[in-house]
Protein chains: 2
Amino acid sequence: MAERERPSSPPTISEVAAAAGVGRASAARTLGGYGYVSPELRERVLAAAEELGYRANALARSMSTGITHTLGVIVADIGNPFFAGVVRGISDTSRERGFDTIVLSTHESLDEEIAAMNVLIDKRVDGVIVASAAVERADVAHLTAAIEHGIPVVLVDREVSHLDLDAVVIDNREAAREAVDSLIRAGHTRIGFVWGPTTDTRPATRRELLAAAAKNLWTDAERLRGYLDALDDAGIPFDPDLVMVGVKTEERAIDEVARMLALPDRPTAVFCTETDAMTGSLRAIRAAGLAYPGDVSLIGFDDSSWAAVMDPPLTMIAQPMHELGETAAATLLALIDGEPTTRSRHTLETTLVSRASVAPPGGARR
Amino acid sequence: MAERERPSSPPTISEVAAAAGVGRASAARTLGGYGYVSPELRERVLAAAEELGYRANALARSMSTGITHTLGVIVADIGNPFFAGVVRGISDTSRERGFDTIVLSTHESLDEEIAAMNVLIDKRVDGVIVASAAVERADVAHLTAAIEHGIPVVLVDREVSHLDLDAVVIDNREAAREAVDSLIRAGHTRIGFVWGPTTDTRPATRRELLAAAAKNLWTDAERLRGYLDALDDAGIPFDPDLVMVGVKTEERAIDEVARMLALPDRPTAVFCTETDAMTGSLRAIRAAGLAYPGDVSLIGFDDSSWAAVMDPPLTMIAQPMHELGETAAATLLALIDGEPTTRSRHTLETTLVSRASVAPPGGARR
C-alpha cells in the first residue's frame, strides 16, 4: 500500500520537437496535420511522438480542421429508459459517421442545462442535441448562445417555444388523444389523468388548467391537450377532480390516484403519461384493494419489457426512441456538414400497444 | 423556410483586445485569469468580451490552472437503470465540488470503451470513472494510457484483473450466495441460474464452467461463484443443465428457462442475475403455463419500482447505486486534489429485499 504519486503531465509539442531534433513549428505542423513537412522530418516527429506517448489534443486538431468529431447530448434524465434509448440511437448514427457522443444529464433543471451547454461549448463539440427544460422566453439564452458560437443545435423529444430550431419529436397530443379515445370506446367516461400540471392549487376550470399546463414542459402540456381533445370529441365534460396536480413523482401519483379512487364517482380508467405515473397508479389501485382491468383500466406512456411481463400485461404507448435519436443525429450531422437545409420539424409515429389492461367499466377483460 | 446560414465562428482573444483597445497580452491575461492586469484595463476587456460573446475555452483555462473541472464517466450501457443510478450519484457529488460530469456509453464493447477514453483524454477531463468491459491482460492498455497522461482513473461496479486501481464495487459473490441460500432455506434444491457464461458449448463440469465464467465480466463470474458457494454450503450437487449459457439477452433467457422448465426434473426456483434475465424468465414461466411463486420461486438482481408493483411483487437484490457513484466520485476527486492516498477498494453493502416471489417448492407462498 505505497503512497500514490501524482501522475506526470502529458508531453508537449516542444518536448516531442526536442526529442525528434526538429523545430517546434515542424513538430506542430506534423502533429496538427496541417502545412508542409518533409517526409523525413515527419517520420522523426511521429517516431518521437509515439516514443513519448504524445496525443494530439482535440482543440489543436479543431484549430486545423474546424471539426472535433464529437457530438454533445443534453437530456433531462439519463435514468429514464426513454432518454437512454434516444441516446443509443444518436450514438449509433453518429458512430457510423465517425463522431463520438458525450452526454450530460440535467435532472430537469434549467440551471444544470445551462451549465451543461457551457461545458459542451468549452469542450468544442461540433453540435448539440438537447431535450430542453426551457419553457419561458427567458429560458433559451443558452441555446442561442451555442448557435452564436457556431455550434448547431437540434431539439429532441421537446419543442421549445420562442425559438425556431430543428426538432425531432413525436405527436404527443395525438398519441394521448388516441389512448384516451380507446378508453372511451371501451365505455369509460370517468378517466383519470396522471400526471397533470405542476401547480399547488387545483385548476377549477378548463382555462385555468390549460394556463397551468402551458407553464410546464411542452410534452406534458401536449399530452394534457390530447386528453381534453378525446373528451371533447366524445362530448364528455372535463372534471378537475380527475386530473393530478403537483410535483411529478411516483409518491405524489400514489396520493393523487388514491384521492381519485376515494371519490363518490371514482374513475374507472386512468391514463398515465410517464413510467413513474404508471407504477404509482398501480400501487394506489392495489392499496385500495382494487384490481386492473376489472376495477380500473390502465394505459401508460413509454413501453418497456416490464410492462409486457406484468400480469395482466399493460397496454402502453410505444415511442420510437431509437429512431428519434437516429433522426436527430442525422439532422445535426447535416447542419455540421453545412448542407443547405431548411429548418425542419420531424414528427415520428407512436404505436398504441394493446395488451390486457383495458376492459369495459366494471366489466370483464376486453 | 429560408436557407440556413452557417453560424459565424466565435470571437477570438485578438478581436476582444481590438474591441477593448488594449494589447492582446492584456486581453489574454484577463480572460485566462493569470498574471497582472490593471483594474481599468481588466474592466474594458471584460466589457468587450461580454459585448462580443467571448467564451474562454476549457483548454486555455486548463493551461493556466491545470484543472478543467470536468469528470468523465464511461459506462457499459447507459440504458441500464443501474448505471443511470450510478451516474446520478457521481454527478450529484461532483457538482457539489464544482465539477461537471460527461458520460460516454460503450454498449459493452471494448473498442468503444477505448474510443471513449481517447475522447476524454482529448477533452482534457480531470479524471475518469469507468465500468470497464476489460477482461484479459491485453484489454487494459487504454486505462494505463489515461494514467500516463496524468488522468486518474477509478473503477466502478467492476474490478479489472491485471490492474491495481481504486475500485468501488459491491460483493457480488456474497450477494448471490445470500440470495441462493435463501432459496435453499425455503426448501429448493433444483435452482436455475440465469444468466451464465457466454459460451457456445455447455460446460459439463464445474471446472469447465468456472473456466468459461473467467472469460466473462468480473461481476458475472462473481455471481456464478456465489451460486456455487451456496450449493456447496448445502451439499447440493451442481447440475450443468440448470445454468444458462450463450448470449446475454432477454430472448436467450426465455429459450434457456423454457429448456430448463421442460426437463424431467425441472428447477423449482430461478436466480436471475440481471433485469433482462428476470423479464425473460417471467415470460418463459408464463409461456409454460406456470406461475410464480407456486411453481417456480424467483429472486433477481437490481431492484426497481417495476419489481415492487409486479403481482406478486418480486424479491430482489438492491444495489446502492447512488452510493456507488458518490463513493467513486469522492475517491476520484481526492486523487485529482493530489491527496496522499493508498489504492483503495470500497465494497458497499447490498440488500436482499424480500417480497413475495419465494415459496417452498410446489407449496403455498411463504
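Residues numbered from 1 in each chain as written. Chains lettered and ligands numbered in written order. Predicted model: local features only at pLDDT ≥ 70, side-chain atom pairs only at ≥ 80, totals over all residues. Heavy atoms only, no water.

Caption draft 1: Layout of the sheet that holds strand β9 (residues 315–318) of chain A. Residues and elements named next belong to chain A. One open sheet accounts for five strands, arranged β6-β7-β8-β9-β11; its pairing is mixed. The strands lining the two open edges of the sheet, one partner per strand, are β6 (191–194) and β11 (351–353). The average undirected angle you get between the axes of adjacent strands in this sheet is 15 degrees. With respect to the sheet, helix α8 (residues 172–185) is in contact with β6, β7 (269–272), β8 (297–301), β9 and β11, its orientation differing from that of β8 by roughly 170 degrees. Packed onto the sheet, helix α12 (residues 275–287) meets β6, β7, β8 and β9 and runs at close to 160 degrees relative to β8. (Pairing = 2+ DSSP bridges. Helix = DSSP H or I, 4+ residues; strand = E, 2+ residues; numbered from the N terminus. Axes fitted to C-alpha atoms, helices over the stretch in contact; angles between N-to-C directions. Contact = heavy atoms within 4.5 Å.)

Caption draft 2: Representation of a negative patch on the surface. Residues and elements named next belong to chain B. Taken together, Asp-77, Glu-251, Asp-255 and Asp-276 make up a surface patch of like negative charges. For Asp-276, the location among the structural elements is in helix α12 (residues 275–287). Its relative accessible area of 35% is what places Asp-276 among the partly exposed residues. (Patch = residues over 30% accessible without salt bridge, like charges linked within 9 Å, V, L, I, M, F, W, Y side chains within 5 Å. Areas by Shrake-Rupley, 256 points an atom, 1.4 Å probe, with all protein chains shown as cover. Salt bridge = Lys/Arg side-chain N within 4 Å of Asp/Glu carboxyl O. Lys, Arg positive; Asp, Glu negative; His and termini not counted. Charge placed at Lys NZ, Arg CZ, Asp CG, Glu CD. Buried < 20%, exposed > 50% of the residue type's maximum accessible area, 1.4 Å probe, protein only.)

Caption draft 3: Looking closely at the confidence of the model for chain A. Residues and elements named next belong to chain A. Averaged over all residues, the pLDDT of chain A is 88; the fraction at 70 or higher stands at 90%. Predicted confidence is poor over residues 1–7, with pLDDT under 50, and the contacts of this stretch with residues over four places away or in other chains come to 15 contacts. Low pLDDT (under 50) marks residues 57–64, which in the prediction has 17 contacts with non-local residues, meaning those over four places away or in another chain. (pLDDT = per-residue confidence, 0-100.)

Caption draft 4: The arrangement of the pattern of salt bridges in detail. Residue and element names in this part refer to chain A. Applying the stated criterion across every chain yields a total of 44 salt bridges over all chains. For the salt bridge of Asp-92 with Arg-88, the shortest nitrogen-to-oxygen distance reads 3.3 Å. You can see Asp-92 and its partner Arg-88 sitting in helix α5 (residues 81–96), four residues apart, about one turn around the helix. Note on Arg-88: relative accessible area 35%, which makes it partly exposed. Two residues, Asp-233 and Arg-177, come together in a salt bridge whose shortest N-O distance is 3.9 Å. With Asp-233 in helix α10 (residues 218–234) and Arg-177 in helix α8, the pair connects residues that are 56 residues apart, well separated along the chain.

Caption draft 5: Examining the pairing of β9(A) more closely. Residues and elements named next belong to chain A. Alternating positions in β9 separate into two faces, Thr-315 and Ile-317 on one and Met-316 and Ala-318 on the other, with burial throughout. Strand direction decides the pairing type here: β8 and β9, joined by three bridges, are parallel. Its bridge partner being in β9, Gly-300 is matched across the sheet by Met-316. By the bridge criterion, three bridges tie β9 to β11 in an arrangement that is antiparallel. Paired with Met-316 across the bridge in β11 is Val-353.

Caption draft 6: Structural view of the packing of helix α11 (residues 250–261) of chain B against α12(B). Residues and elements named next belong to chain B. At a closest axis distance of 8 Å, the pairing of α11 and α12 adopts a crossing angle of 45 degrees. On the basis of the axis angle, α11 is oblique to α12. Like other packed secondary-structure pairs, α11 and α12 cross with a definite hand, here right-handed. Within the contact between the two elements, α11 uses Glu-250, Ala-253, Ile-254, Val-257, Ala-258 and Leu-261 and α12 uses Asp-276, Ala-277, Thr-279, Gly-280, Ser-281, Arg-283, Ala-284 and Ile-285. Among the residues forming the contact of α11 with α12, the class breakdown is eight nonpolar, three polar and three charged. (Parallel < 35°, antiparallel > 145°, perpendicular 65-115°, else oblique. Left-handed = near helix turned anticlockwise from the far one by under 90°. Nonpolar A, V, L, I, M, F, W, Y, C, P; charged D, E, K, R; others polar.)

Caption draft 7: A look at the packing of aromatic side chains. Tallying each qualifying case throughout the model produces eight aromatic pairs over all chains. Ring centres of Phe193(A) and Tyr227(A) lie 4.8 Å apart, and the angle between their planes is 40 degrees; this geometry places the pair in the tilted category. One end of the pair, Phe193(A), is in strand β6; the other, Tyr227(A), is in helix α10, with 34 residues separating them in the sequence. On the accessibility criterion, Tyr227(A) (1% relative accessible area) is buried. Taken together, a centroid distance of 5.0 Å and an interplanar angle of 65 degrees make the contact between Phe82(B) and Phe83(B) edge-to-face. Three or more aromatic residues joined by ring pairs make a cluster, and in this case those are Phe193(A), Tyr227(A), Phe271(A) and Phe301(A). (Phe/Tyr/Trp six-rings, centres within 6.5 Å; stacked < 30°, edge-to-face > 60°.)

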